[in-house]
Amino acid sequence: MSIPGWLTAEIASLRGAYDARRLPHAILIHEAPGSGGDWLAGWAARLVLCSNPGDAPCGRCTSCQRAAQGQHPDLALVQPLESSTQIRIEQVRELSAELALTSHQGGYKVGILSPADTLNRFAANALLKTLEEPPQGTLLLLVATQPSRLPATILSRCQKVRIRAPAPAEAIAWLEATRGPGDWGRVLAVLGAAPMLAATADPAAVVEVASEVRRGLEEAAAGGGDPVAMAERWARSELPLRLSCVENWLTERIRGRLGGGGDFTKVRPGAHPRGPAESLDLRQLFGLLDTVRELKSSFDVPINRGLALESLLRSLSARSA
Ligand SMILES: [Zn+2]
């Protein structure tokens, strides 16, 4: 995987601190979603574990390769277990015990916690003990999109690194270098400015689903289509992606009404042509946007998504007075 261009400054600053032996014990990487927090944490881990310090991370030595595969004995990855949305206290205790042992290589011991904002209260308390008295040679890397969810006592003991979403051109250049050609601009528009997420997607499939969802929404807004069949189909396959598409579509409509941004920049609100979904007022559009966002954030809750989608598609064609 090639180096993400938008992380150049952060990489240089970490390398500078490491060369000057001023690397802190704990770093909080605050990233925009999908913009490379985990990548930077992995890079920092390889930086300190690499066997060729002059060239670290060289990417060729056994340490670099094992770290890249997540199989280095001095590197621990802590993330929510499959059945959970939280990092639990037992996991943090295990990490702390591991960090207290002598390193296998005689160098650093590294712990990556991601997403660190899923640490529950007890786990955060347990981590605090390690942050207050880190064993010699410890590097803790916390990756979070919403660090404000973490206790202030944790935040104050970490050095902060901020990663913003890259400009589309930078993200597209990196995606082309990493994954090859594709309609990456369109993929990023669908998934949000999240190149790391886009890198795991099939660009042609994303574009196809996005077009299908758009057609379906236009049709439903015009009072056509079969909301029941459509909702069933959407709930069965690629639902998170489809919900992002619905979210983008609604956001475009709202921007159009507000007369700024999106596809409607040149259209004055008064001169706005009435098209699909124009029967919905702003309040209704915002209400639908809330519904979509709730559906997106409730993937671990057992609700009938088909039914929720069906009701959403039906409200698109509901004519207001
Ligand atoms: Zn190396």
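Residues numbered from 1 in each chain as written. Predicted model: local features only at pLDDT ≥ 70, side-chain atom pairs only at ≥ 80, totals over all residues. Heavy atoms only, no water.

Caption draft 1: Focus on the nonpolar core. Membership of the largest hydrophobic core comes to 73 residues, with the highest contact counts inside it found for Ile29, Leu40, Val110, Leu141, Leu250 and Leu316. For this core, the leading source of residues is helix H2 (residues 37–49), giving nine residues. Ala76, Leu113, Leu140 and Leu142 belong to the second largest nonpolar core, which has 25 residues in total. (Core = buried A, V, L, I, M, F, W, Y, C linked by side-chain atoms within 4.5 Å. Buried < 20%, exposed > 50% of the residue type's maximum accessible area, 1.4 Å probe, protein only. Helix = DSSP H or I, 4+ residues; strand = E, 2+ residues; numbered from the N terminus.)

Caption draft 2: Geometry of the confidence of the model for the chain. Of all residues in the chain, 91% attain a pLDDT of 70 or more, and the chain-wide mean is 88. Per-residue pLDDT, averaged within each element of the chain, yields its smallest value for helix H14 (residues 305–316) (87) and its largest for strand E3 (residues 109–113) (98). Counting interchain partners and residues more than four positions distant, the pLDDT-below-50 stretch residues 261–273 has 15 contacts. (pLDDT = per-residue confidence, 0-100. Contact = heavy atoms within 4.5 Å.)

Caption draft 3: The sheet that holds strand E5 (residues 159–163), seen in detail. As summarised here, the arrangement of the five strands in space is E2-E3-E4-E1-E5, forming an open sheet in which the pairing is parallel. Edge positions in the sheet fall to strand E2 (75–78) and E5, since each has one partner strand and no second. Pairwise comparison of adjacent strand axes, ignoring direction, gives a mean angle of 15° for this sheet. Bridging between E2 and E3 involves four bridges; their strand directions are parallel. What sits directly across from Leu77, in E3, is Ile112. Against the sheet, H2 touches strand E1 (26–31), E2, E3, strand E4 (138–144) and E5, its axis set at about 170° to E4. (Pairing = 2+ DSSP bridges. Axes fitted to C-alpha atoms, helices over the stretch in contact; angles between N-to-C directions.)

Caption draft 4: Focus on helix H10 (residues 203–221). Taking 1.5 Å per residue, 19 residues should reach 27 Å; H10 reaches 27 Å between its end C-alpha atoms and fits that length. Along H10, the residues that are buried comprise Pro203, Val206, Val207, Val209, Ala210, Val213, Gly216, Leu217, Ala220 and Ala221. Buried residues in H10 make contact with helix H7 (168–179), helix H8 (184–191), helix H11 (227–236), helix H12 (239–258) and H14. Two to three positions downstream of the cap, the backbone nitrogen of Ala204 sits 3.1 Å from a side-chain oxygen, assigning the N-cap of H10 to Asp202. Remark: Gly223 follows H10 within two positions and exhibits a positive phi of approximately 85°. (Expected span 1.5 Å × (residues − 1). Polar contact = N/O pair within 3.5 Å; in protein donor to acceptor, adjacent residues only side chain to side chain.)

Caption draft 5: Seen up close, the packing of aromatic side chains. According to the stated counting rule, one finds two aromatic pairs in the structure shown. Taken together, a centroid distance of 5.7 Å and an interplanar angle of 85° make the contact between Trp6 and Trp174 edge-to-face. Here Trp6 is found in the segment before helix H1 (8–19), whereas its partner Trp174 is found in helix H7, with 168 residues between them in sequence. A single burial state applies to Trp6 and to Trp174, both of which are buried. Ring centres 6.4 Å apart and planes at 50° place the aromatic pair Tyr18 and Tyr108 in the tilted group. Here Tyr18, found in helix H1, pairs with Tyr108, found in the loop between helix H4 (89–100) and E3; they are 90 residues apart in sequence, far enough to count as distant. (Phe/Tyr/Trp six-rings, centres within 6.5 Å; stacked < 30°, edge-to-face > 60°.)

Caption draft 6: Inspection of the pairing of E4 at higher detail. Summarising burial for E4: seven of the seven residues are buried, a large majority. Side chains Thr138, Leu140, Leu142 and Ala144 project from E4 onto one buried face, and the interleaved Leu139, Leu141 and Val143 project onto a second face that is buried too. As judged from the five bridges shared by E1 and E4, these two strands associate in the parallel manner. In the strand pairing of E4, Ile27 is matched with Leu141. When E3 meets E4, the two strands line up parallel, connected through five bridges. Within E4, the position partnered with Val110 by the bridge is Leu139. For the handedness criterion, the β-α-β arrangement of E3, helix H5 (residues 121–132) and E4 is classed as right-handed. (Right-handed = clockwise from strand over helix to strand, strands pointing away.)

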